Every structure is written in C-alpha cells, then in structure tokens.
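Listed here are the chains, written in short residue letters.
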Amino acid sequence: MGLVPLGQERPEQRPRCSRTGAARQQLPTEFELVERYEASRNTVRLALRRLTEEGLIIAGQGRGSFVRRSLTPAVWDWSVLESRTRHQSNERGDQWASIVAESGRQPRQEVRVSIRRPSAEIAERLELDPETALTVVRERVRIVDQDPYALADSYFPEELVRGTPLMLPEDVSAPGGVLASVGLVQARYRDEFTVRMPTRAEVEKLSLPSATPVAVHMRTGYDENDRPLRVMITILPGDRHVIRYEVSAD
C-alpha cells in the first residue's frame, strides 16, 4: 500500500502532528516513514514539507522534525490601546506591559536606543528632511512568559525628545504617556497595516518557525496641530496575536 495524497488518507494512516499534539514531540525519521507507509523518499519529503508549510511541524536541521509548539495568543483591543484616559489612570506604567500583566501573564521588554538618519519612509511620515534630520529610535523586543511576541520600534524627531526619558536605553513610562509628560500630547493616530513574510532578522529575534507571516502595524501620532510626533512600527507574528477593534456604525 503506497502513501496516498495528503488530505485523502484514512484516519489510521495520518501522522499524529496536529496543533493539539504534544508540543516538541519528535516525528519518525524519513526512513521510518518510508517503511511505515511503503512510500518513496521523495513522497515522504513532500509530505513533511507540506506539514511544515501548514505550520504543523518544525524541521530541525539534522535533528529531524518536531510537532510545532503553539503559543497562547495575546489579544489586543486597539480601540483603546494608547488611550490617554486609560493611560492616565494606569499605575503600572507602560500600557502594553500592563495589559499583558492584567491577563495573568509576565511581560518584559528588551530596549535599545540609537540616534540615526531616518529612512525615506520614516522621514515622510515625520515630515523630516532625510538628508539632515536625526531621529531617536527605540527598538524593543516584547516578551511574554519568556517568549518573544513582538518587535516595536518607535521613531521620534531628535529635536523634540532631546534630554527626555525617551533617550534612556531602558523601559520607561509615565502616567498619560512619556511624550505627554514632556508636553508632547498625541491628539490622534493614523494606522497602516500590511502583512508579509518576515525578514531573516525578524525570524531570529522572534524565534519564528518557518512559514509564519507577520503583520506590520505602523502608527503615526500627531498633536492637535497635526504635527507628527512619533512613528511606531510593530511586527506581530501571525501565530501569537489577535487584534480586536470596535468601530461605531454611526
């Protein structure tokens, strides 16, 4: 009996590698699968590649294949995230960290700060000259329960945040937001979303299994005079986030 096409096997023929399977359970070797299913090696390799592409298994170089570990999704209500009213009443500091903590999980952020010329994309949104302007960049790896969950990079015009806590290479917060605490109040946001495959650097920083797309959320914050104050780019792996909005129908 040969190996039939994926999706057409009888239940007893299917490898046990569903999303509810034991995380990190090792699958049989290619040789063992060839013997068990009386199939060619190419057919077995095709089946394993399909399971990898569907996000069910992880193929470790020289270590065989394993059931992919599922991460508990983080649920975000972005209708109120970065709400100034919510932030003013928040005693735990950073809104992202407080929301994670409220869900009973452990948040942590690794922060790196640098000063650099803005890319053309960032310069356009901050209305800066890319040849002469400088931006303060806060790069954060956001960690939940020891697992990297997101990357969040914020860009500020250097002349606006010079000498503020935003220059510190550490996790900083203030009631109402750090920008508001230094007199730079964001009155509105503009959100842009794209979905793509991750870069090599993002795969490494987020420990992403293969075939995991990411959502890219770009938020530009403006003051009451429509002056751009900040651009934040958040990289959200598709296997560990749920984004929720509530929008009025009026």
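Quick word on helix H1 (residues 30-37)
Residues Leu 33, Val 34 and Tyr 37 constitute the buried set of H1. Seen from one end, H1 has its buried residues packed into an arc of 105 degrees, which puts them on one side. In H1, the exposed residues that point more than 90 degrees away from the buried face are Phe 31, Glu 35 and Arg 36. On its buried face, H1 sits against helix H2 (41-53). Remark: Glu 38 follows H1 within two positions and exhibits a positive phi of approximately 50 degrees.

Notes on unusual backbone geometry
Located in the positive-phi region is Glu 127, a residue other than glycine, with phi close to 55 degrees. Structurally, Glu 127 is set in the loop between helix H5 (120-126) and strand S5 (135-144). In the Ramachandran plot, Gln 146 falls in the positive-phi region, its phi being about 80 degrees despite a non-glycine side chain. Within the secondary structure, Gln 146 sits in the loop between S5 and strand S6 (147-157).

Focus on the side chain of Asp 147
As for its placement among the helices and strands, Asp 147 is situated in strand S6. There is a polar contact of 3.0 Å between the side chain of Asp 147 and the side chain of Arg 69. The contact partners of Asp 147, leaving out residues within four places of it in the chain, are Arg 69, Leu 71 and Arg 142.

Here's the deal with a nonpolar patch on the surface
A grouping of Phe 193, Ile 243, Tyr 245 and Val 247 is seen on the molecular surface, where their side chains present a nonpolar patch of about 380 Å² in accessible area. Assignment of secondary structure puts Ile 243 in strand S10 (residues 241-244). Classification of Ile 243 by relative accessible area gives partly exposed; the value is 32%.

Regarding the confidence of the model for the protein
The pLDDT averaged across the protein works out to 86; a share of 86% of its residues lies at or above 70. Counting contacts from residues 1-21, a segment whose pLDDT is below 50, to residues more than four positions away or on other chains yields 35 contacts.

Topic: the pattern of salt bridges
Using the criterion set out here, one finds 17 salt bridges in the structure. The closest approach of N and O atoms between Glu 139 and Arg 112, which form a salt bridge, is 2.4 Å. One end of the pair, Glu 139, is in strand S5; the other, Arg 112, is in strand S4 (residues 107-116), with 27 residues separating them in the sequence. The shortest N-O distance in the salt bridge between Arg 227 and Asp 223 comes to 3.0 Å. Residue Asp 223 is classed as buried on the basis of its relative accessible area, which comes to 9%.

As for the environment of Glu 110
The residue Glu 110 is located in strand S4 in this model. Separated by 31 residues in sequence, Glu 110 and Val 141 have C-alpha atoms that sit 5.1 Å apart. In this view, Glu 110 contacts Glu 139, Arg 140, Val 141 and Ile 143; residues no more than four positions away in its chain are not counted. Of the polar contacts made by the side chain of Glu 110, one reaches the side chain of Arg 108; its length is 3.3 Å.

Some words on the sheet that holds S4
With antiparallel pairing, six strands are arranged side by side in an open sheet as S4-S5-S6-S9-S8-S7. In this open sheet, the two edge strands, each paired with only one partner strand, are S4 and strand S7 (188-196). Between one strand axis and the next, the sheet turns by 15 degrees as a mean value, whatever way the strands run. In the packing of helix H4 (residues 95-102) onto the sheet, contacts are made with S4 and S5, and the angle to S4 comes to roughly 170 degrees.

Analysis parameters
Residues numbered from 1 in each chain as written. Predicted model: local features only at pLDDT ≥ 70, side-chain atom pairs only at ≥ 80, totals over all residues. Heavy atoms only, no water. Buried < 20%, exposed > 50% of the residue type's maximum accessible area, 1.4 Å probe, protein only. Helix = DSSP H or I, 4+ residues; strand = E, 2+ residues; numbered from the N terminus. Arc of directions from axis to C-beta. Contact = heavy atoms within 4.5 Å. Polar contact = N/O pair within 3.5 Å; in protein donor to acceptor, adjacent residues only side chain to side chain. Patch = residues over 30% accessible without salt bridge, like charges linked within 9 Å, V, L, I, M, F, W, Y side chains within 5 Å. Areas by Shrake-Rupley, 256 points an atom, 1.4 Å probe, with all protein chains shown as cover. Salt bridge = Lys/Arg side-chain N within 4 Å of Asp/Glu carboxyl O. pLDDT = per-residue confidence, 0-100. Pairing = 2+ DSSP bridges. Axes fitted to C-alpha atoms, helices over the stretch in contact; angles between N-to-C directions.

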